[in-house]
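Working through the structure, step by step
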Amino acid sequence: MGTGVPSGLQIHGGALEGSQVGSIPTHSLHFLNMKRVINATGILIHTNLGRSPLPKEVIRRLEETTTAYIPLEYDLKEGERGRRDTIIEGLLEELTGAEAGIVVNNNAAGLLLTLNTIAGGREVIISRGELIELGESFRLPEVIASSGAILRVVGSINQTTIDDYRGAIGENTALIMVCHRSNFTVEGQVSSPDFVEIVKLAHSKGLPFVYDEGSGRLIEHITDGAPSLREAIQLGADLVLSSGDKLLGGPQAGLILGRRDYVMRLRKNHLFRALRVDKLTYIALRGVLEVYVKSRESELPVIKNIEMNTQELKKRAQRVVRGLKKIGQKSVICEIVDSIAEVGGGSLPGIPLKSVAVKVRVEGINAHQLAGRLRLADTPIIGRIEGEWVVMDMRSLLEGEEAMIVKGIRRAVD
Ligand SMILES: *Cc1c(COP(=O)(O)O)cnc(C)c1O
């Protein structure tokens with residue numbers, strides 16, 4: 001699965017096992033899970049590594065606003081109680097063309113709220129090919145069941161026709177849903193109706209159409225063919241759902257965008273209070289959305305890395321290799337190689353990104369031992385194991401991490 005750790009490397013538990021950690025006290029082990037790590041996996045949005053890193057300017061904003069009081073639910077003009085969800089509503093509308101939008105804890109929460117509000121006790125029609133499972137605890141059929149809606153599956157794993165959808169519509173139908181296959185691709189004999197065809201069918205029967213977009217894609221020049229948030233709204237989706245911390249590049253959150261009347265109903269559901277987000281999320285999300293409004297999204301760490309050309313990646317690799325040569329340790333053998341990175345994290349599946357990697361091995365220890373030592377470096381380095389090599393992909397690095405990699409490897413061979 002795209003979000004999993006590459007084979008041979010374990011994050012959960014793995015970093016805490018191995019012989020080197022025997023002497024580390026338990027409280028420090030917990031801290032190990034909260035420190036910066038270097039993502040050299042080549043998976044840019046890695047759920048196990050906290051998905052998207054936030055841009056620095058957003059963190060500066062967080063510091064300014066969270067060390068003081070803010071009018072989170074206070075209307076400064078009127079001097080009375082205000083609403084927290086208006087903090088970002090305007091921006092969401094500007095960026096996607098949606099009439100309204102709200103934010104909840106994550107996309108799973110968005111689904112729960114949407115289906116509970118609009119489809120509680122009634123049927124949700126969805127294609128069998130879209131009953132996705134993501135990570136450990138997100139299975140669409142289970143999420144739908146816990147919302148109180150009834151799953152009505154149509155079609156087969158690889159083929160669903162518009163007549164399948166039409167045939168399933170009945171008195172108890174609440175809505176038609178399309179879910180982005182965000183962490184896998186199906187190849188071979190695959191077909192499903194056009195997005196617009198399904199939207200039209202839903203509307204002709206007076207039903208809302210809900211699109212679980214998943215990734216929060218606002219950029220349009222990089223696509224896997226599925227509609228972006230804006231495109232989905234333009235194509236007539238009544239509600240569009242996504243995560244905040246995947247391709248969007250923000251904090252963990254669930255965005256729900258679309259028709260004002262539906263959004264108002266979601267807001268009135270008592271579950272909304274239970275699923276709402278705190279000021280940290282609102283401030284961080286607002287900061288990231290403002291980056292898009294200023295058309296500076298190429299500066300967001302994940303988007304910057306997606307757009308980076310292989311020439312620049314090669315420079316990263318050369319910095320690592322030069323640094324390693326300077327250590328003057330003959331036992332360290334390294335090489336620059338071509339690599340394939342991926343966006344990961346339930347975004348743009350099946351779109352390989354040409355990349356550059358540095359592969360390293362150290363005489364006298366095997367790749368698993370080296371990887372284990374690198375995971376316990378001052379700044380842990382998470383790479384991939386390929387045969388006898390530890391491979392570090394340059395596309396998922398952040399600024400200045402080349403020197404940290406060199407330092408980590410030096411410590412590993414000391
Ligand atoms: C990632 C994803 C989810 C779950 O999102 P969380 O923010 O992790 O809850 C749901 N649906 C789709 C299509 C996704 O890609």
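Structure's up top.
Here is a short report on the structure shown in this document. Going along each chain's sequence as written, the residues are numbered from 1 onward. Thresholds applied to this predicted model are a pLDDT of at least 70 for local features of residues and 80 or more for the giving and counting of side-chain atom pairs; totals over whole chains, interfaces and linings are not thresholded and use all residues. Only hydrogens and water are set aside; all other atoms, that is, all heavy atoms of the structure, feed into the side-chain values.

Turning our eyes to something else, we now look at helix H9 (residues 260-268). When we look at burial in H9, the residues that qualify are Tyr262, Val263, Leu266 and Arg267. Buried residues of H9 fall within an arc of 140° about the axis and therefore sit on the same side. Each element contacted by the buried residues of H9 is listed here: helix H3 (86-96), strand E4 (100-104), helix H4 (107-119), strand E11 (239-243), strand E12 (254-258) and helix H10 (270-275). Burial classes: relative accessible area under 20% of the type maximum marks a residue as buried, over 50% as exposed, and values in between as partly exposed (1.4 Å probe, protein chains only). A helix here means a DSSP run of H or I that spans at least four residues, while a strand means a run of E at least two residues long, and both kinds are numbered starting from the N terminus. The arc in question is the one traced by the directions running from the helix axis out to the C-beta atoms. A contact between two residues is defined here by any heavy atoms of the two lying within 4.5 Å.

So, about the sheet that holds strand E17 (residues 389-393). Spatial ordering of the open sheet is given by E13-E14-E17-E16, a layout of four strands whose pairing is antiparallel. Each edge of the open sheet carries a strand with a single partner, namely strand E13 (332-342) and strand E16 (384-386). Across the sheet, the axes of successive neighbouring strands diverge by a mean angle of 35°, strand direction being ignored. Strand pairing requires that DSSP identify at least two bridges connecting the strands. Alignment of E13 against strand E14 (residues 352-362), held across 11 bridges, turns out to be antiparallel. When the sheet's bridge partners are listed, isoleucine 340 is paired in E14 with lysine 354. To get an axis, a line is fitted to the C-alpha atoms, and for a helix only the part in contact is used. The angle between two axes follows their N-to-C directions and goes from 0 to 180 degrees. Across the sheet, helix H13 (residues 310-327) is in contact with E13 and E14; its angle to E14 comes to roughly 10°.

Quick look at unusual backbone geometry now. The phi dihedral of serine 295 is positive, around 55°, even though this residue is not glycine. In this structure, serine 295 sits in the loop between helix H11 (279-293) and helix H12 (301-307). A positive phi is found at leucine 348, a non-glycine position, where the angle reads about 45°.

Before going further, it helps to spend a moment on the site of the ligand. With respect to spatial proximity, 15 residues lie near the ligand, and among them Ala108, Ser182, Asp212, Ser243 and Lys246 are the closest. Between N or O atoms, a polar contact is any pair within 3.5 Å; within protein, one atom must be a potential hydrogen donor and the other a potential acceptor, and residues adjacent in sequence are included only when both atoms are from side chains. In this structure, an oxygen atom belonging to the ligand sits 2.9 Å away from a side-chain N or O atom of arginine 51. Within the side chain of serine 243, a nitrogen or oxygen atom sits 2.6 Å from an oxygen atom of the ligand. In the complex, the protein chains occlude 94% of the 380 Å² of accessible area that the ligand would expose alone. Elements supplying a minimum of two residues to the shell around the ligand: H4 and strand E10 (209-214). A cutoff of 4 Å decides nearness: a residue is near a molecule or strand if any of its heavy atoms lies inside that distance of it. Every accessible area reported is derived by Shrake-Rupley at a probe size of 1.4 Å, with residue values counting cover from the shown protein chains alone.

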